[in-house]
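# Notes for the structure review
What follows is the residue order along each chain.
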Number of protein chains: 2
Amino acid sequence: MNDDFFMLQALQEAQKALAEEEIPIGAVVVFENRIIGRGYNQTERLRDVTAHAEMLALSSAANHVGNKYLSDCTLYVTIEPCVMCAGASYWAQLGQVVFGADEPKVGFRRFGQLLHPRTRLRSGVRAEECAGLMRDFFNLKRK
Amino acid sequence: MNDDFFMLQALQEAQKALAEEEIPIGAVVVFENRIIGRGYNQTERLRDVTAHAEMLALSSAANHVGNKYLSDCTLYVTIEPCVMCAGASYWAQLGQVVFGADEPKVGFRRFGQLLHPRTRLRSGVRAEECAGLMRDFFNLKRK
């Protein structure tokens, strides 16, 4: 199993968000090739700005392992994380963040080095599918 | 009721954190002179890096009003928020953030303008009490 496989899992989470008319972003947290946390954006349903896919996946993973530090884990998320989610990743001291499509407007990279110094970063995995899901959602919204 | 009064309420939340041996940071969210959300740091007890005082207070306030946007609300927090909490404040489009003591190491201001452009910012309210609580905690920890 590789980055491509786990991003597909994150995309499946994003599909769940889409089905609930949420902005379609999904995430999974992986430890030793196993998914230990999943999440999809639920800010509308929960009426809570903190209910981003990454936040829910991180909380779920920490709950699963009984440890708030996730140093040996990788977060897969379909879209570049925002400042809030990058901040949460910092505190969790994530081993790696892998995201799909860039988010130049509200993505964390605009603001510099927000991740933990030990966190590796990879982007562009299944980017076209990840971005496509967002495009479809906003096109539908406009109609 | 003024900033001083509501910061005292945030300090009371911080005391709850201290009583549970958590890093003593507390927060309240205020709308029209009423507290509609409270929170204190619970990252140890919940084993969850997202359980910062501000995050819990924002979620609780949004739940109370049934709206994820808190544009007419003020967040009072004893210590300068981190990047994650500043990011959450951005999404909530908070009317105002008032904090007590500066946090030069992990406070959000190191990273530039992370709050929403419409969010006013005030600092230094009961700063000495807010910082003192943190000092006491870390002195105790060291023993």
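Computed from a prediction, not measured in an experiment: that's the story for all the values here.

## Describing the overall build of chain A
Across its full length, chain A holds four helices and five strands. Listing each helix as α and each strand as β along chain A from the N terminus yields α-β-β-α-β-α-β-β-α. A compact globule built from 143 residues would reach a C-alpha radius of gyration of about 15 Å, and chain A, at 14 Å, matches this within 12%. Each principal axis of the C-alpha atoms in chain A carries an extent, and together these give about 45 × 30 × 30 Å. Of all 143 residues assigned to chain A, the portion counted as buried reaches 55%. Here the contacts in chain A between residues at least 6 apart in sequence split such that 58% fall between residues at least 24 apart. Accessible surface, chain A as shown: approximately 6700 Å² in total, 47% of it carbon and sulfur. Treating the 17 positive side-chain charges of chain A as one cloud and the 17 negative ones as another, the clouds have centres 2 Å apart.

## Concerning unusual backbone geometry
Excluding glycine, residues mostly carry a negative phi; peptide bonds, for their part, are mostly trans. Not every positive phi belongs to a glycine, and A:Glu21 is a case in point at roughly 60°. The exposure class of A:Glu21 is exposed, given its relative accessible area of 59%. Located in the positive-phi region is B:Glu32, a residue other than glycine, with phi close to 45°. Among the structural elements, B:Glu32 can be located in the loop between β1 (26–31) and β2 (34–40). For B:Glu32, a relative accessible area of 66% translates into the label exposed.

## Looking at the sheet that holds strand β1 (residues 26–31) of chain A
In sheet architecture, strand pairing relies on hydrogen bonds along the backbone and comes in two forms, parallel and antiparallel. Residues and elements named next belong to chain A. The mixed open sheet is built from five strands, whose spatial order is β2-β1-β3-β4-β5. Each edge of the open sheet carries a strand with a single partner, namely β2 (34–40) and β5 (120–123). Within the sheet, the average angular offset between the axes of one strand and its neighbour, ignoring direction, is 15°. Summarising the sheet, β1 and strand β3 (residues 73–79) pair through five bridges and their orientation is antiparallel. Considered in β3, the bridge of Val28 is made with Tyr76. Packed onto the sheet, helix α1 (residues 3–19) meets β1, β2, β3, β4 (96–101) and β5 and runs at close to 140° relative to β1.

## A look at the packing of aromatic side chains
Residues and elements named next belong to chain A. Within the structure shown, the criterion is met by eight aromatic pairs over all chains. Ring centres of Phe137 and Phe138 lie 5.0 Å apart, and the angle between their planes is 80°; this geometry places the pair in the edge-to-face category. The class for Phe137 is buried, based on a relative accessible area of 7%. Feature note: the residues Phe5, Phe6 and Tyr76 constitute an aromatic cluster, connected by ring pairs.

## Digging into the sheet that holds β1(B)
Residue and element names in this part refer to chain B. Within the open sheet, the five strands sit side by side as β2-β1-β3-β4-β5. Their pairing is mixed. Where the open sheet ends on each side, the last strands, each with one partner, are β2 and β5 (120–122). Here the average twist between neighbouring strands, direction ignored, is 15°. Pairing geometry for β1 and β2, over six bridges, is antiparallel. Paired with Val29 across the strands is Gly37, a residue of β2. Where helix α1 (residues 3–19) meets the sheet, its contacts fall on β1, β2, β3 (73–79), β4 (96–101) and β5, and the angle it forms with β1 comes to roughly 140°. On the sheet, helix α4 (residues 127–142) packs against β3 and β4 and is oriented at approximately 60° with respect to β4.

Rules behind the numbers
Residues numbered from 1 in each chain as written. Chains lettered and ligands numbered in written order. Predicted model: local features only at pLDDT ≥ 70, side-chain atom pairs only at ≥ 80, totals over all residues. Heavy atoms only, no water. Helix = DSSP H or I, 4+ residues; strand = E, 2+ residues; numbered from the N terminus. Rg over C-alpha atoms; globule rule 2.2 N^0.38 Å. Buried < 20%, exposed > 50% of the residue type's maximum accessible area, 1.4 Å probe, protein only. Contact = heavy atoms within 4.5 Å. Areas by Shrake-Rupley, 256 points an atom, 1.4 Å probe, with all protein chains shown as cover. Lys, Arg positive; Asp, Glu negative; His and termini not counted. Charge placed at Lys NZ, Arg CZ, Asp CG, Glu CD. Pairing = 2+ DSSP bridges. Axes fitted to C-alpha atoms, helices over the stretch in contact; angles between N-to-C directions. Phe/Tyr/Trp six-rings, centres within 6.5 Å; stacked < 30°, edge-to-face > 60°.

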